[in-house]
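Architecture and fold: a report
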Amino acid sequence: MMQLERFTFNPFSENTYLIHDSQQATLIDPGCFNASEQAVLEHYLKEHGLVLGQVVLTHAHIDHILGLSWIYDRFGIKATMHENERTVFARAVESAMLFGIPYDPAPEPDCWEKGKKSIELAGDVWEMRDVPGHSPGSVLFIHHNAQTVIGGDVLFRESIGRTDLPGGDFPTLEKSIREQLYTLPEPYTVFPGHGPETTIGHEKRFNPFVQGT
């Protein structure tokens with residue numbers, strides 16, 4: 001049975017997610033940026049007897065990749081992301097300096113092939129949808145049987161992702177939310193990159209930035 005664990009890391013209060021079923025684990029958006037946060041994640045893996053075999057990114061903004069170098073050094077795993085995030089990832093050092101936070105540069109992630117619509121996470125198949133607007137290559141992951149969405153920084157509880165960063169665009173983000181999120185059944189739970197989870201139905205009714213129809 002699929003299990004989802006959330007860790008909130010770094011000065012941006014970024015949500016890092018760990019999916020596991022049996023012993024296989026997938027890490028999404030590793031934001032653990034210091035030794036104490038890395039220890040929390042490693043302790044969880046050991047406590048539950050998990051083998052970390054995969055790291056994927058919803059997008060490559062600095063707060064979502066602060067743990068990539070440690071992951072690579074400790075587990076020998078490179079992340080995978082959308083190819084449209086290459087320019088975002090390339091600005092990681094610059095972004096860290098801008099925000100005044102330490103960042104140990106990591107190997108550039110691999111990229112999915114063009115048009116990829118599904119992905120295996122921790123041994124289970126998830127739908128993957130492109131949701132640009134917050135960043136050019138933002139993606140989300142949907143587990144339909146569990147009615148679960150891991151959405152990155154696209155849709156938050158009664159809010160949306162920023163569009164004032166390089167590569168951001170509000171009309172594009174609004175289109176992504178309407179076409180890729182608000183078309184899902186209302187009971188689906190969205191686990192965002194920051195803050196608490198929400199549901200599609202709640203956001204269609206109460207999100208002041210993109211209202212449902």
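1. Brief notes about helix H4 (residues 92-99)
For H4, the set of buried residues is Ala92, Ser95 and Ala96. In a view along the axis of H4, the buried residues occupy a sector of 100 degrees, so they form one face of it. In H4, the exposed positions angled more than 90 degrees off the buried face are occupied by Glu94, Met97 and Leu98. Contacts from the buried residues of H4 go to helix H3 (86-90). With its phi angle positive at about 70 degrees, Gly100 sits one or two positions after the end of H4.

2. Notes on the pairing of strand E13 (residues 189-192)
Looking down a regular strand, the side chains alternate between one sheet face and the other. Where strand E10 (residues 148-152) and E13 come together, 4 bridges link them in parallel fashion. If you follow Thr148 over to E13, its bridge partner there is Thr189.

3. Concerning the packing of aromatic side chains
This model, assessed by the stated rule, comprises 6 aromatic pairs. Ring centres 5.5 Å apart and planes at 85 degrees place the aromatic pair Phe7 and Tyr44 in the edge-to-face group. With Phe7 in strand E1 (residues 3-9) and Tyr44 in helix H1 (residues 35-47), the pair connects residues that are 37 residues apart, well separated along the chain. You'll find Phe7 and Tyr44 in the same group, each marked buried.

What counts and how
Residues numbered from 1 in each chain as written. Predicted model: local features only at pLDDT ≥ 70, side-chain atom pairs only at ≥ 80, totals over all residues. Heavy atoms only, no water. Buried < 20%, exposed > 50% of the residue type's maximum accessible area, 1.4 Å probe, protein only. Helix = DSSP H or I, 4+ residues; strand = E, 2+ residues; numbered from the N terminus. Arc of directions from axis to C-beta. Contact = heavy atoms within 4.5 Å. Pairing = 2+ DSSP bridges. Phe/Tyr/Trp six-rings, centres within 6.5 Å; stacked < 30°, edge-to-face > 60°.

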